[in-house]
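# Close look at the chain arrangement
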Number of protein chains: 2
Amino acid sequence: MAKVVVDVMPKPEILDPQGQAVAGALARMGVAGVGDVRQGKHFELEVDDSIDDETLHRVAGSLLANPVIEDWVVTRA
Amino acid sequence: MAKVVVDVMPKPEILDPQGQAVAGALARMGVAGVGDVRQGKHFELEVDDSIDDETLHRVAGSLLANPVIEDWVVTRA
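Residue indices begin from 1 for each chain and proceed along its sequence in written order. Think of it this way: whatever chain is written first is A, whatever ligand is written first is 1, and the rest follow in order. Per-residue local features are limited, in this predicted model, to residues with pLDDT of at least 70; the limit for side-chain atom pairs, both in listing and counting, is 80 or more; totals at the level of whole chains, interfaces and linings are taken over all residues. Where side-chain values are given, they derive from all heavy atoms of the structure, hydrogens and water being excluded.

- You'll find chain A entered in an unreviewed UniProt entry as Phosphoribosylformylglycinamidine synthase subunit PurS, with Pseudonocardia alaniniphila given as the organism.
- UniProt positions are given in the numbering used here, feature names are shortened, and annotations may be inferred rather than shown by experiment. Word for word, the UniProt comment on chain A under Pathway (unreviewed entry) is "Purine metabolism; IMP biosynthesis via de novo pathway; 5-amino-1-(5-phospho-D-ribosyl)imidazole from N(2)-formyl-N(1)-(5-phospho-D-ribosyl)glycinamide: step 1/2."
- Regarding chain A, the relevant UniProt record gives this comment under Catalytic activity (unreviewed entry): "N(2)-formyl-N(1)-(5-phospho-beta-D-ribosyl)glycinamide + L-glutamine + ATP + H2O = 2-formamido-N(1)-(5-O-phospho-beta-D-ribosyl)acetamidine + L-glutamate + ADP + phosphate + H(+)".

See below:
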């Protein structure tokens, strides 16, 4: 079994209220030096070595991410 | 400005219903070769070069993750 990581992030043009809430909280806590914050999802999949990149990409784009508003990166760890 | 990535995952002993839902959907879709799936959060922060690792770790453990049920990894990208 190998590990595959899929990171899903809102597209740059999509507002991210969760990330904005974190950025606002940081400012209120007095943490300086942090600008923009974006929040997405992080998936870790245990996969057989037999699974190919095309299948992984299809799974990520159909089940893990919403291609209309999100980008994703598949990484074999 | 530099980019910092924080990945937050449920601790191994914590149940992950979101990840289990994905694993179940994969099985129903006929995708073979995927075992366990775990879902967490992925944060991307734009930070000044002045911010130190200790501050980043404190921010991650107090604002981005719940240390009781989650582990996190801070990576300077």
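Let us keep going from here.
## Regarding the overall build of chain A
- Counting secondary structure elements, chain A contains 2 helices and 3 strands.
- Only DSSP runs of H or I covering at least 4 residues are called helices, and only runs of E covering at least 2 are called strands; the numbering of each starts at the N terminus. Listed N to C, the secondary structure of chain A is β-α-β-α-β in terms of helices and strands.
- In summary, chain A has a C-alpha radius of gyration of 16 Å against a globular reference of 11 Å for 77 residues, an excess of more than 25%.
- Seen through its principal axes, chain A has C-alpha atoms that stretch 50 × 25 × 15 Å.
- Under the scheme applied here, a residue whose accessible area is under 20% of the maximum for its type counts as buried, over 50% as exposed, and between as partly exposed, the area being computed with a 1.4 Å probe on protein chains only. Residues counted as buried form 43% of the 77 residues belonging to chain A.
- Residue contacts are counted whenever heavy atoms from the two residues lie within 4.5 Å of one another. Looking at chain A alone, contacts between residues at least 24 apart form 72% of all its contacts between residues at least 6 apart.
- A 1.4 Å probe and the Shrake-Rupley method give the accessible areas. Residues count as covered only by the protein chains that appear here. Of the roughly 4,100 Å² of accessible surface on chain A, 54% is carried by carbon and sulfur atoms.
- Each charge class in chain A was averaged separately, 7 positive and 13 negative side chains, and the resulting centres sit 6 Å apart. Using C-alpha atoms as the atom set, the radius of gyration is obtained and then compared with a globule rule of 2.2 Å times the number of residues to the power 0.38. We score Asp and Glu as negative and Lys and Arg as positive, and we do not count His or the chain ends. By convention, charge coordinates are those of NZ in Lys, CZ in Arg, CG in Asp, or CD in Glu.

## Some points on the interface of chain B and chain A
- With 31 residues of chain B at the interface, the matching set in chain A holds 31 residues.
- Any carboxyl oxygen of Asp or Glu that lies within 4 Å of a side-chain nitrogen of Lys or Arg is treated as forming a salt bridge with it. Run the count over chain B and chain A and you get 0 salt bridges.
- Within 3.5 Å is the distance limit for a polar contact, defined as a pair of N or O atoms, with the added protein rule that one can donate a hydrogen and the other accept it, and that residues adjacent in sequence qualify only through two side-chain atoms. Scanning the region where chain B abuts chain A turns up 12 residue pairs in polar contact (both at pLDDT 80 or more).
- Taken together, the elements giving at least two residues each to the side of chain B that touches chain A come down to strand E1 (2-10), helix H1 (17-28), strand E2 (34-47) and helix H2 (53-64) of chain B.
- In terms of residue count, E2 of chain B provides more of the side of chain B that touches chain A than any other element does, 14 residues in total.
- Any residue that is not Ala, Val, Leu, Ile, Met, Phe, Trp, Tyr, Cys, Pro, Asp, Glu, Lys or Arg is counted as polar, Gly included; the first ten are nonpolar and the last four charged. Residues that form the side of chain B that touches chain A fall into these classes: 17 nonpolar, 7 polar and 7 charged.
- In this analysis, strands are considered paired if DSSP registers two or more bridges between them. Examined bridge by bridge, strand E2 (residues 34-47) of chain A and E2 of chain B share 11 bridges and lie antiparallel to one another. Bridge assignment links valine 37 of chain A to a residue of E2 of chain B, and that residue is leucine 45 of chain B.

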